[in-house]
Amino acid sequence: MHVTDRPAARVQPAKTDRSRYMSGAAGRERSLSQFIQLAEGNPAQAKEELLAGLSAEHAYTSPKYLYDALGSKLFEAICELPEYYPTRTEAMIFDRHAADIAATAGTGSTLIDLGAGNCAKAARLFPFLQPSQYVPIDISVEFLRDAVERLQHQFPQIAMAGIGMDFSSGLALPPAVHRRNRLFFYPGSSIGNFTPEQSLAFLKRVHAACVHDGRADGGILISVDLVKETEILDAAYDDALGVTASFNLNLLLHLNRLLDTDFDLRQWQHRGFFNAEQSRIEMHLEARSPQTVRWPSGVRRFEAGERIHTESSYKYTRQNFTTLLAQAGFEDVTVWTDPQEWFIVCHARAG
Ligand code: AVJ
């Protein structure tokens, strides 16, 4: 890649917290964390892409639009639901096997947290993984700031660099990220939002980002949700309380704000189900009645029962996911799972 292709980086010093200066330990406790925001995408272009998806014969939107401020809170609520097993199953695997995971992945790595958010999952592993540098990445550096500053004070021995970037399109990391012994952390079965083809391409980019001075070191620590009985999968994405339905419908509130569309939420209903042929959960919004949706530059007619595809969440078998890691160039795959084998956490070496 040409250096000039890289988005411009803006390096900012950590925000200072006045309360720390009043604690009597001024200076000594100054945060060492760095924050870097890489160029954000072009909002006009993003709107055009969204409108093109809404206007397509089979209307669709990217799942990233589910996560406005309210959507992010609704997702947190989903994680508390009895039907939504992935979050608590993964937490149980990390809890039970943290020492073994660290023995396999090694300590002292450059821990790169993809989609870090509140950094909580990685932070629970710090005492085991003991990274030399922690690099949380999220779409906006503002999502990271508070969590990173808190963590920096709890773990002053770990260098921290929060990065705002959209890593789904590329992994050109700024020079502040150490090259040695990178451990990419991609929990939550977030990779499920990519198609298997996109996942392979993404994992290849992660592998390439582990190469320096002509050789690969480090690896990846990644979780993925497994194929299981359809009833369990269906319930996890169409819960009795209707939180997932609200999460999905909230997309229309977000679109109304973003695009100035006039979606009437009462005319739409949530659909969430497992598509076994494609091995994926599909979420759709389905029109309850024939209707026209308008925005400043266009309209879209929806017949009753017509759908907008809002998310796919691919489910793997243990075998086909470890094969995918191998196809991407990773070696020595180690797998940890729960007693029911509903979910796996994998470590694989880059070289
Ligand atoms: C954040 C993509 C892992 O697919 O399980 C949860 C999102 N959507 N319920 C998932 C989600 C509906 C979640 N991921």
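Thresholds applied
- Residues numbered from 1 in each chain as written.
- Predicted model: local features only at pLDDT ≥ 70, side-chain atom pairs only at ≥ 80, totals over all residues.
- Heavy atoms only, no water.
- Helix = DSSP H or I, 4+ residues; strand = E, 2+ residues; numbered from the N terminus.
- Rg over C-alpha atoms; globule rule 2.2 N^0.38 Å.
- Buried < 20%, exposed > 50% of the residue type's maximum accessible area, 1.4 Å probe, protein only.
- Axes fitted to C-alpha atoms, helices over the stretch in contact; angles between N-to-C directions.
- Parallel < 35°, antiparallel > 145°, perpendicular 65-115°, else oblique.
- Left-handed = near helix turned anticlockwise from the far one by under 90°.
- Contact = heavy atoms within 4.5 Å.
- Nonpolar A, V, L, I, M, F, W, Y, C, P; charged D, E, K, R; others polar.
- Core = buried A, V, L, I, M, F, W, Y, C linked by side-chain atoms within 4.5 Å.
- Domains from an automatic or database assignment.
- Buried area = accessible area lost by both parts, 1.4 Å probe.
- Salt bridge = Lys/Arg side-chain N within 4 Å of Asp/Glu carboxyl O.
- Polar contact = N/O pair within 3.5 Å; in protein donor to acceptor, adjacent residues only side chain to side chain.
- Near = heavy atom within 4 Å.
- Areas by Shrake-Rupley, 256 points an atom, 1.4 Å probe, with all protein chains shown as cover.
- UniProt positions renumbered as here; feature names shortened; annotations may be inferred.
- Pairing = 2+ DSSP bridges.

Asker: Outline the overall build of the protein chain, supporting the account with residue identities and numerical values.
Answerer: Helix and strand counts for the protein chain come out as 10 helices and 16 strands. For 351 residues, the compact-globule formula gives about 20 Å, and the C-alpha radius of gyration of the protein chain, at 21 Å, lands near that figure. Principal-axis analysis of the C-alpha atoms places the extent of the protein chain at approximately 65 × 45 × 45 Å. Residue burial in the protein chain is summarised as follows: out of 351 residues, 51% are buried.

Asker: Outline the packing of helix α2 (residues 43–55) against helix α9 (residues 243–259), supporting the account with residue identities and numerical values.
Answerer: At their nearest, the axes of α2 and α9 sit 11 Å apart, and the two run at 125° to each other. Looking at the two axes, α2 sits oblique to α9. By crossing handedness, the relation of α2 to α9 is classed as left-handed. Contact with α2, carried on its side by Lys47, Leu50, Leu51 and Leu54, involves Leu255, Leu258 and Leu259 of α9 and no other residues of that element. The class makeup of the residues in the contact of α2 with α9 is 6 nonpolar, no polar and 1 charged.

Asker: I'd like to hear about the nonpolar core, residue by residue, with values.
Answerer: Counting residues in each nonpolar core, the largest one holds 40 residues, and the members touching the most others are Phe184 and Phe321. Among the elements of the structure, β2 (34–38), β3 (110–114), β4 (133–138), β6 (182–186), α7 (196–208), β9 (219–225), α10 (318–327) and β16 (343–349) are those that each provide at least two residues to this core. Ranked by size, the runner-up nonpolar core spans 34 residues in total, among them Leu50, Leu74, Cys79 and Leu285.

Asker: An account of the domain arrangement of the protein chain is needed here, citing residue identities and associated values.
Answerer: When its domains are assigned, the protein chain resolves into domain 1 (3–11 + 84–228 + 316–350) and domain 2 (43–80 + 229–314). Distance from the C-alpha centre of domain 1 to the C-alpha centre of domain 2: 28 Å. Listed per partner, the contact involves 16 residues of domain 1 and 18 residues of domain 2. Between domain 1 and domain 2 the total buried area reaches about 1400 Å² when both faces are included, carbon and sulfur atoms providing 57% of it. Looking at the side of domain 1 facing domain 2, the largest losses of area belong to Tyr84, Asn193 and Lys228, adding up to 46% of the total buried there. At the junction of domain 1 with domain 2, the criterion picks out 0 salt bridges. At the boundary of domain 1 and domain 2, one finds 4 residue pairs in polar contact (both at pLDDT 80 or more). Of the residues contributing to the side of domain 1 that touches domain 2, the split by class is 8 nonpolar, 4 polar and 4 charged.

Asker: So what's going on with the site of the ligand? Residues and values would help.
Answerer: Around the ligand, the neighbouring residues are Tyr67, Phe75, Ile78, Tyr84, Gly188, Ser189, Asn193, Tyr237, Phe247, Met283, Glu311 and Ser313. In the model, an oxygen atom of the ligand is placed 2.4 Å from a nitrogen or oxygen of the Tyr237 side chain. The contact in question runs from a nitrogen atom of the ligand to an N or O atom on the side chain of Glu311, over 2.6 Å. Taken by itself the ligand offers 350 Å² of open surface, and the protein chains cover 95% of this. Looking at the shell around the ligand, the elements with two or more residues in it are α3 (69–78) and β14 (307–314). In terms of residue class, the shell around the ligand is built from 7 nonpolar, 4 polar and 1 charged. When residues of the shell around the ligand are assigned to domains, at least three fall in each of domain 1 (3–11 + 84–228 + 316–350) and domain 2 (43–80 + 229–314).

Asker: Break down the UniProt feature "domain: Histidine-specific methyltransferase SAM-dependent" (unreviewed entry) in the protein chain for me, with residues and values.
Answerer: UniProt tags residues 47–349 as "domain: Histidine-specific methyltransferase SAM-dependent" (unreviewed entry). Strand forms 27% of residues 47–349 and helix 35%; the C-alpha atoms that close the span are 39 Å apart.

Asker: Talk me through the sheet that holds strand β11 (residues 280–287); I want residue IDs and the actual numbers.
Answerer: Spatial strand order, β10-β11-β14: 3 strands in an open sheet with antiparallel pairing. A strand with exactly one partner marks an edge of an open sheet, and here the two such strands are β10 (268–275) and β14. Mean inter-strand twist for the sheet, computed between neighbouring axes without regard to direction, equals 20°. The sheet contact formed by β11 and β14 spans 7 bridges and is antiparallel. Within the sheet, the bridge partner assigned to Glu282 lies in β14 and is Ser312.

Asker: Tell me about the pattern of salt bridges, and name the residues and values.
Answerer: Overall, the coordinates contain 13 salt bridges when judged by the stated rule. Residues Glu90 and Lys121 are paired through a salt bridge, measuring 2.7 Å at the closest nitrogen-oxygen approach. Here Glu90, found in helix α4 (residues 85–105), pairs with Lys121, found in helix α5 (residues 120–129); they are 31 residues apart in sequence, far enough to count as distant.

Asker: Explain the pairing of strand β5 (residues 159–164) to me, using residue names and the numbers behind them.
Answerer: Among the 6 residues that make up β5, 5 are buried, leaving the element largely enclosed by the rest of the structure. In this structure, β2 lies alongside β5, joined through 4 bridges in parallel fashion. By the bridge assignment, Phe35 is partnered in β5 with Gly162. Bridging between β4 and β5 involves 4 bridges; their strand directions are parallel.

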